[in-house]
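Secondary and tertiary structure notes
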Amino acid sequence: MTLLPDNNGFFGEFGGTYVGETLMSPLNEVKTAAEQALQDPSFWQDYRNLLKDYTGRPSPVYFAERLSEFAGAGIYLKREDLNHTGSHKINNTIGQALLAKRMGKTCLIAETGAGQHGVAAATVAALFGLRCKVFMGKEDIRRQQPNVVRMKLLGAKVESVDSGTGTLKDAMNEALRYWSSVTADTFYVVGTVAGPHPYPYIVREFQKIIGEEARQQILEQTGQLPDSVVAAVGGGSNAMGIFYAFLNDTHVELIGVEAAGKGLATGEHAASLNGGRLGVLHGTKSMLLQDEHGQIREAYSISAGLDYPGIGPEHAYLHQTKRARYETVTDDEAVSAFQMLCRYEGILPALESSHALAQTIKEAADRSADKEKTFLVCLSGRGDKDIQHICDTLNL
Amino acid sequence: MSNLSETFQRVRSGQRAALIGYLTAGDPDAETSYRILDAACSAGLDILELGIPFSDPTADGPVIQRASKRAIASGMTLAKGLEMVQRLRQKHSLPVIIFSYYNPILSMGAETFVRRALAAGADGVLAVDLPSENAAEIMSCVPQSSAFSFIRLIAPTTDSQRRKIILSKADGFVYIVSRHGVTGGGSIDWPVLAKDLEAMRQDTSAPLAVGFGVSTEDDVQRASSIADGVIIGSAFQKLVEADPAAAAENVAALIQTFRQRLKK
């Protein structure tokens, strides 16, 4: 497989740098600094040390025995929920904060939906003694109060974004606008494998540790590679993180799971690959939810972390080349998988990760194969942040 | 010679800068918007930038964000914006630039867009988030015999190497972003801007037009003393927002006021 992205940030026809002129040179600076850093062993050493001592890596791969027995398959969970701050997001923010420091920047900005990336950004800002401003939609601030409080405790300023519907897309719009006025001293910490080049590339580089660890761990535990690797995709950073190490293992099936919300037919979903078409948003060319005139449609999912109308360009490429398969899971299916993991394994998964679990359980039920299949599932985050939402949904 | 080149030649020989006006098509609705545009063209705009609203205008400040939202709500689309150009063409000969984010164009298809824009009588396109190096995504669809410009921008953040490349590819005019940040109010560092423009003239003979944050009469006078064109957007759009019914008259009056200040 050729090494992607190309020098202009393209994965096939997807990716690139589609921003206003004000951001072109600042992005080039990030690109140049990132290329140097990623070739510098001492940079990676700092990154690995922090991931080990501060975050608690490697995260384990856990054989979910009771769930496996119920589902009729071997289900292994990559436990990103056990990381410091409760999700995979910290892998990326540590990498980008190290890069920001190397570039001499004194302030970090970030966009956040559910607040997981915002918390991870605020955390590394505190860790490195940098100022931090997090853009968050007004509606998400209302839905995700605990994470707003966490960010404030960590010393970040949370900027409420009132435009649009006050969700992740609007927060990213505002972060880009703000960045264009302060690029000299400010580093934009993008939370997922989307946005303009070099972000899809650098975020993948900082998340690929998930798959590198998991591949080795599952080989040690089972003596072979899994039949399938499953991960939820919103922007797609945990999925790219776990897929990347398996791209050349062509017999390992890669399954990305998009949020079908209330069902693809209702139009209320966040399935950019299964329900979108080619477009440009937030600096990248990828698959997008949009109307016939090219206006971006609002995404919907019970999971705030999947509630985004676009998807990382590398996923669009894996989808087009069929190296990965992208399925969809509804709110209801995700909630029932959430409950199942609680009851069978004593683990509260994030609603995002619950989408990957739901798809795994569905696939396991398909008995057409002559032997039990093994699944490696990315449990990207813990579900504490979703408790209130689940209570309301289930009338608990 | 293209309509744009002729326009800049004409204003140059009149010892003044060109007045370039941005207005969002369809704000607050198609008919009112047409009346405003018609009045603006009659009042003495030299070049019109017709803004096609986009749902996520990441390079724009609050005034144009709100205008875009109203325009989308009223049903404005790229296709309808091009029909509006055609309608204006029946009365006005000034150059018209389609000012849009890239996605509506990509969604229509670059080839269809170029064909319809040329048929409507548009003179060029400024796609905010389609950088200079990707111009071919639209311009490869323009027939050689047609005059259709791809307007490039230079920002205060643009590094010197990039600036040289952009200037060497200048087509129609170059849009000089006067300050950091997004469109709308904000202070401009005039001495720095003047020096920058002087430096750019070493690398190009193309007209240089200044925009972003140019809103007062003083701004217009200052910009016109250093640039070949002065671009006003949010200041007009504010008048539309404040009183749509009187906007045609008010925008025309402001254009006439600004025109007085263009003399060098």
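Placed above this text is the structure.
Bear in mind that the values here come from a model prediction, so they are computed numbers and not experimental data.

Brief notes about the side chain of Ser-68 of chain A
Its place among the elements puts Ser-68 of chain A in helix H3 (residues 65-71). Ser-68 of chain A has contacts with Phe-63, Ala-73, Gly-74 and Ile-75 of chain A, leaving out every residue within four places of it along the chain.

Quick look at the sheet that holds strand E13 (residues 324-330) of chain A
All names here are of chain A. Reading across the sheet, the six strands line up as E3-E4-E14-E9-E10-E13 and stay open at both edges, with mixed pairing between neighbours. Each edge of the sheet is formed by a strand with only one pairing partner; in this case those strands are strand E3 (61-63) and E13. Geometrically, the sheet is characterised by an average inter-axis angle of 25° between neighbouring strands, direction not taken into account. Where strand E4 (residues 74-79) lies against strand E14 (residues 374-379), six bridges are found, and the strand directions are parallel. Each bridged residue has a counterpart across the sheet, and for Lys-78 the counterpart in E14 is Cys-378. Helix-sheet contacts for helix H14 (residues 331-345) involve E3, E4, strand E10 (253-261), E13 and E14, and the interaxial angle to E13 is about 90°.

So, empty space enclosed by the protein
Residue and element names in this part refer to chain A. The final tally for this structure, using the stated rule, is seven cavities of 30 Å³ or more. Looking at the largest cavity, it is lined by 30 residues, and the ones nearest its centre are His-88, Lys-89, Gly-305, Leu-306 and Glu-352. Looking at the lining of the largest cavity, the elements that each hand over two or more residues are strand E5 (107-112), helix H5 (116-128), helix H8 (168-179) and helix H11 (237-243). A breakdown of the residues in the lining of the largest cavity according to their chemical character gives nine nonpolar, 17 polar and four charged. In this structure, the second largest cavity spans a volume of roughly 270 Å³.

Some details on helix H13 (residues 313-320) of chain A
Residues and elements named next belong to chain A. The element H13 is largely enclosed, with a buried count of six among its eight residues. Those residues of H13 that fall on the buried side of the exposure criterion are Pro-313, Glu-314, His-315, Ala-316, Tyr-317 and Leu-318. A positive phi of about 65° marks Lys-322, the residue just after H13.

Topic: unusual backbone geometry
With an omega dihedral of 0°, the bond running from Arg-57 of chain A to Pro-58 of chain A counts as a cis peptide bond. Relative to the helices and strands, Pro-58 of chain A is located in the loop between helix H2 (41-55) and E3. Residue His-197 of chain A is joined to Pro-198 of chain A through a cis peptide bond whose omega torsion reads 15°. With respect to the helices, strands and loops of the structure, Pro-198 of chain A is situated in the loop between strand E8 (186-188) and helix H9 (199-207). Of note in this structure, Asn-395 of chain A is not a glycine but carries a positive phi near 55°. Here Asn-395 of chain A is to be found in the segment after helix H16 (387-394). Positive phi outside glycine occurs at Gln-15 of chain B, with the angle close to 60°. Relative to the helices and strands, Gln-15 of chain B resides in the loop between helix H1 (3-13) and strand E1 (18-24).

About the thresholds
Residues numbered from 1 in each chain as written. Chains lettered and ligands numbered in written order. Predicted model: local features only at pLDDT ≥ 70, side-chain atom pairs only at ≥ 80, totals over all residues. Heavy atoms only, no water. Helix = DSSP H or I, 4+ residues; strand = E, 2+ residues; numbered from the N terminus. Contact = heavy atoms within 4.5 Å. Pairing = 2+ DSSP bridges. Axes fitted to C-alpha atoms, helices over the stretch in contact; angles between N-to-C directions. 1 Å grid on protein atoms, 1.4 Å probe; cavity = no way out; pocket = protein on both sides within 12 Å on 5 of 7 lines; lining within 4 Å. Points joined across faces, edges and corners; volume = space filled by probe spheres on them. Nonpolar A, V, L, I, M, F, W, Y, C, P; charged D, E, K, R; others polar. Buried < 20%, exposed > 50% of the residue type's maximum accessible area, 1.4 Å probe, protein only.

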